[in-house]
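# Examining the three-dimensional arrangement
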Amino acid sequence: MSTVTESRGPADGVTPDAAPPGGKRGSDALREMDNPHRARAVKDVVARVVMWLAFGLAMVPLVWILSTVVAKGVHMLGSATWWTGNQRNINSADFGGGARHAIEGTLEMVGMTTIIAVPIGIMTAVYLVEYGRGPLAKAISFMVDILSGIPSIVAGLFIYAVVVTTLGLRQSGFAASLALVLLMIPVIVRSTEEMLKLVPNELREAAYALGVPKWVTVVKVVLRTAFSGIITGVLLGVARVMGETAPLLILAPYTKNFQRDLFNGNFPTLPMMINQDRGDLALAAAAERMWGAALTLILLVLLLNVIGRVVAHFNAVKK
């Protein structure tokens, strides 16, 4: 039996003079291999710089607005009368008065809006994600897109034409709440829809495998998992409508007195208080009240967001 002996050079079987694949020799090949990594690093740095520049540009108007409102309105919030009184018998040129009537009215109106809009928005999103198929789901999604794009003044005019003119309901805080509902629903629907889509299908399938009905799965598993995201969507909707003024100009004229009845005539709100004093901005007293009401409105939105975050944190699914 003859044996064939193969002669080998170095350990890798390549002679010292052989060129690596690509026709490049040692150091040139390594340098070429490093180039893609260096290019990716450069692109990463550029992307980070662009991102931070965009963030900085977006923060400029926000910081500018907040600093201006705080600087011009914070001294009004230090007065006890601001939190306990109203503007009754206070003329535009008179100093003093409070904003409690407007604070209570804003919270009451937004609360009524939330009570109506949140169940509708969440159930619509559940239908679109969990049940909706075919032309009906497409029509509902299309209408939500239309609602999300309509101007607030159009919502106010629509409610005025349908509810006030046709049905005979008088101008009131409740009529304004109905207009705000039209503005709040699409925000809640879209945000809730996205949160429900993020829930893994494996959770649904695990519940179905245990014989759990679909509606129980939606309530106990899907909504429970997406709860913190849904709360965020609700807070976005509240922030969207709390500062609206156009529907209130048509449906809820301003009053300087305390008014806690949503169904009875003129209604006090912070946006309308700001609008009232804006017309007399040249007067120092009116300007102070305007900036104070604006800062109070910002603080209310901030407070509601903090409360919502706390509720979402303690009700979130524990990992």
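Note that this is a predicted model, so its numbers are computed, not measured. (Residues numbered from 1 in each chain as written. Predicted model: local features only at pLDDT ≥ 70, side-chain atom pairs only at ≥ 80, totals over all residues. Heavy atoms only, no water.)

Summing up its helical and strand segments, the chain has 12 helices and zero strands in all. In the chain, which comprises 319 residues, the share counted as buried stands at 37%. Nonlocal contacts in the chain, meaning residues at least 24 apart in sequence, comprise 74% of its contacts between residues at least 6 apart. For the chain, the exposed surface amounts to about 18800 Å²; the carbon and sulfur share of it is 66%. (Helix = DSSP H or I, 4+ residues; strand = E, 2+ residues; numbered from the N terminus. Buried < 20%, exposed > 50% of the residue type's maximum accessible area, 1.4 Å probe, protein only. Contact = heavy atoms within 4.5 Å. Areas by Shrake-Rupley, 256 points an atom, 1.4 Å probe, with all protein chains shown as cover.)

Let us now look at the side chain of R204. Along the polypeptide, R204 turns up in helix α7 (residues 201–209). With near-sequence residues (within four places) excluded, R204 lies in contact with V129, E130, L196, V199, T217 and V222.

One finds M109, L251, L270 and M273 to be the most contacted residues of the largest nonpolar core, which totals 63 residues. Once residues within four sequence positions are removed from consideration, M109 is found in contact with G173, A176, S177, L180, L248, A252, L262, F267 and T269. (Core = buried A, V, L, I, M, F, W, Y, C linked by side-chain atoms within 4.5 Å.)

Given a rise of 1.5 Å per residue, 32 residues ought to cover 46 Å, and the 45 Å separating the end C-alpha atoms of helix α3 (residues 100–131) matches this to within 8%. The largest bend along α3 reaches roughly 30° and is located at A117, with the proline P119 sitting one to four residues downstream. (Expected span 1.5 Å × (residues − 1). Bend = angle between axes of the 7 residues up to and from the residue.)

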